[in-house]
Amino acid sequence: ECRTYRFRAHSMFDAQLFRDKAEVAEWRKKGPILRFQTWLLESGLLHEAEIAEITAEVEAEVAEAVAFAEAGTDQPFFLAVGFIRPHTPLHVPKKYFDMFPLDTLELPIIKPGDAEDCHYRDVFNDEVKGLRYYTTLGKSYPTIEDGLRAFVQAYLACIAAVDDQVGVVMDALDSSPFKKNTIVVFTSDHGWVNGQKDYVFKNALWEESTRIPFVVR
């Protein structure tokens, strides 16, 4: 019988991760989606107290997973370690944003009138998240290109932050008795559309939304 351990499952209701109060203050000064974050706070969807609480929680869960690997066991086990990012809101320490300067980023190729052949506006109104996120970015920055560039920077920063956290767990595994007899599977639940088809979200059948990483070691 295999024992199952579960750390940090995905939830759309989880708020900010990987941040201390000083980083939160700094990010707010230079954040890529500052107006969106302000809207969350004003709407009561995100609260200051949650920032410190969830940061401590995720650090404890990563530490717990590492401690489990280092302790060792002679029983078969399944260990699930999940990370919320790069789910929105795209909040991670500033050092990860600095890895991707805005002027070095390449935006996805967006063809003129690319959304005209999908007809989703005939079915969905502008309040659907993918359309609303795209429209909000366009209104929050001088141009939609500026908004998408800021969003892509934040998206890449979150991926880099999660990559570091995966490295913490893998380093612990590789220095543990489980190194040679453990199968590791790295995957995700969905992709993301970053502006193509005038859409910024998941929940679409376009390739960018349906592709996921799937790595087995």
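Thresholds, definitions, all that
Residues numbered from 1 in each chain as written. Predicted model: local features only at pLDDT ≥ 70, side-chain atom pairs only at ≥ 80, totals over all residues. Heavy atoms only, no water. Helix = DSSP H or I, 4+ residues; strand = E, 2+ residues; numbered from the N terminus. Buried < 20%, exposed > 50% of the residue type's maximum accessible area, 1.4 Å probe, protein only. Areas by Shrake-Rupley, 256 points an atom, 1.4 Å probe, with all protein chains shown as cover. Patch = residues over 30% accessible without salt bridge, like charges linked within 9 Å, V, L, I, M, F, W, Y side chains within 5 Å. Salt bridge = Lys/Arg side-chain N within 4 Å of Asp/Glu carboxyl O. Core = buried A, V, L, I, M, F, W, Y, C linked by side-chain atoms within 4.5 Å. Phe/Tyr/Trp six-rings, centres within 6.5 Å; stacked < 30°, edge-to-face > 60°. Expected span 1.5 Å × (residues − 1).

Enquirer: Is there a simple way to explain the overall build of the chain in this structure?
Expert: Scanning the chain from N- to C-terminus turns up 7 helices and 6 strands. Along the chain direction, N to C, the helices and strands of the chain fall in the order β-α-α-α-β-α-α-α-β-β-β-α-β. Scored against the burial criterion, the 217 residues of the chain give a buried share of 41%. For the chain, the computed accessible surface area is about 12,900 Å², with 55% contributed by carbon and sulfur atoms.

Enquirer: Got a minute to help me understand a nonpolar patch on the surface in this structure?
Expert: A cluster of nonpolar side chains, I183, V185, F214 and V216, forms an exposed patch at the surface whose accessible area comes to about 450 Å². Relative to the helices and strands, V185 is located in strand β3 (residues 185-187).

Enquirer: Looking at this model, I keep getting lost on the nonpolar core. Mind explaining?
Expert: It is characteristic of soluble globular proteins that their nonpolar side chains tend to be buried jointly. Core analysis: the biggest nonpolar cluster contains 27 residues, and V92, L137 and V200 have the highest contact counts within it. At the level of elements, α4 (94-98), α5 (129-140), α6 (144-174) and β5 (200-201) are the ones that each hand at least two residues to this core. Broken down by element, the residue count for this core peaks at 10 residues, all from α6. The next biggest cluster of nonpolar side chains, apart from the first, holds 11 residues, and it includes F83, V162, V169 and V184.

Enquirer: I keep staring at the packing of aromatic side chains and nothing clicks. Help me out?
Expert: Both the distance between ring centres and the angle between the ring planes are used here to describe each pair of aromatic rings. All told, the structure shown has 8 aromatic pairs when counted by the stated rule. Relative to W206, the ring of Y120 has its centre 5.8 Å away and its plane inclined at 65°; by these criteria the two rings are edge-to-face. Of the two residues, Y120 is situated in the loop between α4 and α5 and W206 in the loop between β5 and α7 (207-210); the sequence distance between them amounts to 86 residues. Look at Y120 and you get buried, because its relative accessible area is 9%. Among the aromatic side chains, those forming a connected cluster through ring pairs are Y133, F151, Y155, W192 and F201.

Enquirer: What is the right way to read α5 from this model?
Expert: For α5, which comprises 12 residues, the first-to-last C-alpha distance of 16 Å matches the rise-based estimate of 16 Å (1.5 Å per residue) to within 8%. Those residues of α5 not exposed but buried are G130, L131, Y133, Y134, L137 and S140.

Enquirer: Hey, could you run me through unusual backbone geometry in this one?
Expert: With glycine set apart, most residues show a phi of negative sign, and most peptide bonds adopt trans. In this structure, P86 follows R85 across a cis peptide bond, with omega equal to 10°. One can find P86 in the loop between β2 (77-81) and α4. The backbone phi angle of K197 is positive, close to 60°, even though this residue is not glycine. Residue position: K197 is located in the loop between β4 (193-194) and β5. Under the relative-accessibility criterion, K197 is labelled buried at 14%. At D198, a position not held by glycine, the phi torsion is positive, near 55°. Relative to the helices and strands, D198 resides in the loop between β4 and β5. By relative accessible area, D198 is classed as partly exposed at 24%.

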